[in-house]
Structure formats: structure tokens, C-alpha cells
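Structure at a glance
What follows is each chain in one-letter form.
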Amino acid sequence: MATYKLYYFNGRGRGEVSRLIFAAAGQKYEDIRFEGEQWPSHKSEMPLGQLPVLEFNGVKLPQSISIARFLAKQFNLAGKDNFEQAQVDAVVDTIADLVNKFIAVRFEADEAKKQELGKTFFAEELPKQLKNLETLGKLYGKGGAFFVGNQLTWADLLFYDVGESLLGAEANALDNFTFLKQNRAEVAKLPKIAEYLKSRPVTPF
Amino acid sequence: MATYKLYYFNGRGRGEAARLVFAAAGQKYEDIRFEGEQWPSHKSEMPLGQLPVLEFNGVKLPQSISIARFLAKQFNLAGKDNFEQAQVDAVVDTIVDLVNKFIAVRFEKDEAKKQELGKTFFAEEAPKQLKNLETLAKLYGKSGPFFVGNQLTWADLLFYDVGESLLGVEANALDNFTFLKQNRAEVAKLPKIAEYLKNRPATPF
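Residues numbered from 1 in each chain as written. Chains lettered and ligands numbered in written order. Predicted model: local features only at pLDDT ≥ 70, side-chain atom pairs only at ≥ 80, totals over all residues. Heavy atoms only, no water.

Describing the interface of chain A and chain B
In this assembly, 29 residues from chain A lie in contact with 29 residues from chain B. Roughly 2,600 Å² is buried in total at the junction of chain A and chain B, and carbon and sulfur atoms are behind 58% of that figure. Ranking the residues of chain A by area buried against chain B places A:Lys73, A:Asn82 and A:Phe83 at the top, with a combined share of 22%. Taken together, the links from chain A to chain B amount to two salt bridges. Summed over the shared surface of chain A and chain B, the result is 18 residue pairs in polar contact (both at pLDDT 80 or more). Mapped by element, the contributors of at least two residues to the side of chain A that touches chain B are strand S4 (59-62), helix H2 (64-74), helix H3 (82-106) and helix H4 (111-140) of chain A. Among the elements that line the side of chain A that touches chain B, the one with the most residues is H3(A), at ten residues. (Contact = heavy atoms within 4.5 Å. Buried area = accessible area lost by both parts, 1.4 Å probe. Salt bridge = Lys/Arg side-chain N within 4 Å of Asp/Glu carboxyl O. Polar contact = N/O pair within 3.5 Å; in protein donor to acceptor, adjacent residues only side chain to side chain. Helix = DSSP H or I, 4+ residues; strand = E, 2+ residues; numbered from the N terminus.)

This is how it looks when you write it as C-alpha cells:
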């Protein structure tokens, strides 16, 4: 029987999308969470000295998005054929573009510059990427609530998680994006996801 | 019969990985190259207003890495099962991390700052990521010259292309990385690749 261990910090961050996939699939796994002070002693155990890492049947795999895609494929949440999977990947790439720009703002050390970058991000960059996501949802979603193929894929789970972080920083971030708001609502309603969201630990990030 | 059209600029850039995958597979496709002045009139035809775009059986797909992964899966150059494909994806993610930092240097407008960023990049960031790539190959490569599973995958083709750009700026960039140098040499020797490299247009980027 396949065994899955997920190593990450005690927070959502870059690990949560995998946890959402495990939850949607109803798949058991070892959810290993390092506290800050534990991490240095484990860093050298990880292939690239970074988290998250998935250990599958004893072999370690780094890189959060690759981990999530693998899990989604294992549990049929990746798209029903190669081209649908590619559409899901394109949505994920677009979400990742958004996240990278968001992170650049959040991690800006200079407080004044951070405020300014944040204003520009929420006024210009974010709406541009969110519009791109709605464009792809329209192109690939077959008229449904999900991004691709009128069924849940890991692109929806990733957007659910990223949306949570965006809304935590700017409560109005999705106000002009009906499809995206509805998409997150549909994800949150799925029984296994609703249960998971109710039970998961509350963490600072 | 499946039809493939690749839309990009007349250069390697973010389109060449897909062209290398087509070449390795011996797959015919329409290689559409826009010159600079043609692009504005085609921009609105592309889902996200960006290139490259793949048109597969009449449906458009954006995002260069998702395009390359799809093509690799179509032509059995992606890894032989889900976990091997994930290992390939993790190598690709690491190459992309490297590319994104390289691009930040190359597109810096301030010339003095660009020189300084370039020095730091080649002295610190590039070696760090290149070492990460060698680590992953040691973990997944089954001791062969390719990154994963002792056979050619699109990770090798992507690294071949990215390596070309790195070496174009810093000829010594791979001097301390025996595996990576050998990996590129093996890719270049493959008959279909050697043929493609000999015949492809020479372009400024």
C-alpha cells in the first residue's frame, strides 16, 4: 500500500494545497509539521534544504507545485486526459505568477516601499492576473463553477488557498470577480473540504 | 490526426523548450514565429495576451512550461509513471527558479545595478541552483547522464536550452558542474536533436 508523508512548517504557506488534495481525495497521510526551532536540525534531510517535501513510498520529492500535481494525478484530481491536465497546469501557472508577485510585496523589508508595492499590486497586478484566471475559466471550464472540465481539479484547490491569503491581506480583492468568488464558494461547500476546513489547525500563516 | 501549432516570437526565449520536445519526438508542427511588429495585431487572439501559445486540435493553451509538459506527455518524454513525472517536474521547477532569477538580472534597466546583480547571480545564486539540479539528478537519475530515470525527458531539453542562455552570458557558468556539462553534451549528441540544432534559425535570443 502506498505511503505518503508530507513535511512542512506548521502553517498553510506552500504546503496547504497538498493537504487540500489529500482531504478532497479522502487519503490518509502523515502530516508532519515542523515548528521554527525544529527545522534547522531537519534541513539537511531534505533534498534541496527546503519545505515542503513529500515522501512517497520512502522517496523524497521537493517543490510544492510538483508535489501537488503528483498527488492530484494519483487521486484523479488533475484532469481527465493529457490536454485537460495541461489546461489545469496553465491555470496553476497563472495562479503561481500571481503568488510570486504577491510574495515579492509581502517580503519587502522596507516598510514604506512595502506599502507602496502593496497598493500597486492590489490596484493593478492582481486584477490583471485575476482577469486572466477568469479568462481561462471561461475557455476551459465548460460553463461550470470549476476552472477546467466542469469538475474539481487541484487548480480549484490551489486557488482556494491562495484566495484565502489574498483576502486576508485585502478583504475586497475578489469583489469584481464573480466567477472566482463562486469558485471558492463551491470548493468550500464540498463535503470533504468543508469537513477539513472545519477541523484543520488554525495557524498564523 | 492531431494537429499542433506553436505561436511564439522569432527566437528561443520561452518557446524553444517546446520546439526541442517536438524535435526529440520527430513530431511535425506549425512553427509560427511573429516578428516584433506583427505581434500587436495578434495579441488579442491569445488567451492571456502572451506568447508562447500552443494550439492543439484547434484549442489554444498558454504558459510555456505547461505547453512543454503537455507535449512531453504526448510523446512519452515526461517520465514513465506518475512519480517519475513528478521527479521530472521537480527538476523543471528548480530550473525555472534559476531562470526567474536570471531574468530579473537581464531585464534590470539600470546598467550599473545590472552589472552588480549579474555578478551576484553568477557568484552565488546560479551555483546554488546548479548544485540543487545536480542533487536531484543524483537522487533520481539512476546514475545515467539524464536527470531522471536514465532516459531523456523534457527536463534535459529545458536545461539544454537554459544552459545555452547562461553560457551566452557567462562562458564559465558550468565549469564546476561536471554532471550538468555532461548532461548537455549527451542531449546535443542525440541524432534528432543534433539535426535540429544544425538546422534551426540563428536568432538574437
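Regarding the domain arrangement of chain B
Residue and element names in this part refer to chain B. Segmenting chain B into domains produces domain 1 (4-76 + 193-199) and domain 2 (82-189). On a C-alpha basis, the centroid separation for the pair domain 1 and domain 2 is 21 Å. Together domain 1 and domain 2 conceal approximately 1,300 Å² of surface at their shared face, both sides included; 64% is due to carbon and sulfur atoms. The three residues of domain 1 that bury the most area against domain 2 are Arg12, Ile65 and Arg69, which together make up 34% of that side's buried surface. One can count three salt bridges joining domain 1 with domain 2. Where domain 1 touches domain 2, the interface holds three residue pairs in polar contact (both at pLDDT 80 or more). Among the secondary structure elements, those contributing two or more residues to the side of domain 1 that touches domain 2 are helix H1 (16-25), helix H2 (64-74) and helix H7 (191-199). Residues of the side of domain 1 that touches domain 2, tallied by class, amount to ten nonpolar, one polar and five charged. (Domains from an automatic or database assignment. Nonpolar A, V, L, I, M, F, W, Y, C, P; charged D, E, K, R; others polar.)

So, the domain arrangement of chain A
Where the parts come together, the accessible area they lose is often given as the size of the interface. Residues and elements named next belong to chain A. For chain A, the domain assignment lists domain 1 (4-76 + 193-199) and domain 2 (82-189). Centre-to-centre, using C-alpha coordinates, domain 1 lies 21 Å away from domain 2. Contacts between the two partners involve 16 residues from domain 1 and, on the opposite side, 17 residues from domain 2. The contact between domain 1 and domain 2 buries some 1,300 Å² in all, and 65% of this surface belongs to carbon and sulfur atoms. The interface formed by domain 1 and domain 2 holds three salt bridges in total. Linking domain 1 with domain 2 are three residue pairs in polar contact (both at pLDDT 80 or more). Those elements that place two or more of their residues in the side of domain 1 that touches domain 2 are helix H1 (16-25), H2 and helix H7 (191-199). Partitioned by chemical class, the residues of the side of domain 1 that touches domain 2 number ten nonpolar, one polar and five charged.

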